[in-house]
Amino acid sequence: MIIKKDKSIIQNYFEDNSGVRGSNADFVAVAETEDDIPSFLSEMSKANTPVTIAGALTGNTASGLAFGGAVLSLEKLNQIGEIEKINDNNAVITVQAGAKTNDIKLKACSAGWMYPPDPTEKNASIGGNISTNASGGRGFKFGATRDYVKALKVVFSDGSISFVERGKYFADGNGAITFKALT
Ligand SMILES: Cc1cc2nc3c(=O)[nH]c(=O)nc-3n(C[C@H](O)[C@H](O)[C@H](O)COP(=O)(O)OP(=O)(O)OC[C@H]3O[C@@H](n4cnc5c(N)ncnc54)[C@H](O)[C@@H]3O)c2cc1C
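Residues numbered from 1 in each chain as written. Predicted model: local features only at pLDDT ≥ 70, side-chain atom pairs only at ≥ 80, totals over all residues.

**As for the site of the ligand**
Logical step 1: Not every one of the 28 residues close to the ligand is listed here, only the nearest: Gly55, Gly59, Gly64, Gly127 and Gly128.
Logical step 2: At the level of elements, β3 (51-54) and α4 (126-132) are the ones that each hand at least two residues to the shell around the ligand.
Logical step 3: With 5 residues, α4 is the largest single contributor of residues to the shell around the ligand.
Logical step 4: Counted by class, the shell around the ligand contains 9 nonpolar, 17 polar and 2 charged residues.
Logical step 5: Residue contributions to the shell around the ligand reach at least three from each of two domains, namely domain 1 (2-73) and domain 2 (84-149). (Near = placed C-beta within 6 Å. Helix = DSSP H or I, 4+ residues; strand = E, 2+ residues; numbered from the N terminus. Nonpolar A, V, L, I, M, F, W, Y, C, P; charged D, E, K, R; others polar. Domains from an automatic or database assignment.)

**Some thoughts on the domain arrangement of the chain**
Logical step 1: In terms of domains, the chain is made up of domain 1 (2-73), domain 2 (84-149) and domain 3 (151-183).
Logical step 2: Opposite the 6 residues of domain 1 that make contact, domain 3 presents 5 residues.
Logical step 3: Taken together, the residues that form the side of domain 1 that touches domain 3 break down as 3 nonpolar, 3 polar and no charged. (Contact = placed C-beta atoms within 7 Å.)

**Topic: unusual backbone geometry**
Glycine aside, a negative phi is what most residues show, and trans is what most peptide bonds show.
Logical step 1: Non-glycine residue asparagine 48 carries a positive phi angle of around 55 degrees.
Logical step 2: Looking at the element boundaries, asparagine 48 is found in the loop between α2 (36-46) and β3.
Logical step 3: Located in the positive-phi region is leucine 57, a residue other than glycine, with phi close to 55 degrees.
Logical step 4: Position of leucine 57 among the secondary structure elements: in the loop between β3 and β4 (70-73).
Logical step 5: C-beta crowding within 10 Å serves as the criterion here: with 23 such atoms nearby, leucine 57 is assigned to the buried category. (Buried ≥ 20, exposed ≤ 12 C-beta atoms within 10 Å, placed from the backbone.)

Below, the structure is given as structure tokens:
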């Protein structure tokens, strides 16, 4: 984990496309590997320090901007795996949360596939797209980002991890969902 505290450097994490001013944080933690995240979140949780996840900060609503606490940036978690064909019409790809949507789209195109969601902003991260359920010009025909998510590896704020596959978890009568922790 890289910890950045220099105000002149971390200033870049305090702006997105919303125009909202006043974002601030004590420090920015840039995850270098996925393994950095559980222990960091657990530590922050125990210290009651709020954590704001920054994707590529292209958002228009300031939801990626911190107002106190820490910023966790996923910008370095940008690996894109190989495309695995399921049948003639469908394929899957595993990517890290900080991968740029445009890079995923280009990888699909170069292998003769199409990544149907086409949010306009090329520099957004797939984690941000999933979080906001981004859609674009193709949305009316093909739907939005979440329609194309088969599974997520999720790190909760206490540092626990779950692998959440579509259709495997449902809310109970009280609206609660219990996730199985990865060991
Ligand atoms: C020119 C322009 C065009 C745009 N066009 C579109 C469009 O066509 N359709 C559209 O829907 N939006 C559009 N947007 C808005 C923006 O690009 C999207 O909301 C995008 O999904 C944000 O992704 P990001 O990586 O920049 O996320 P950020 O702005 O960094 O974060 C957005 C939210 O996602 C959360 N988040 C990010 N990554 C993760 C993660 N890994 N885990 C959990 N939470 C996370 C953040 O905490 C925050 O709440 C556009 C923006 C611009 C500037």
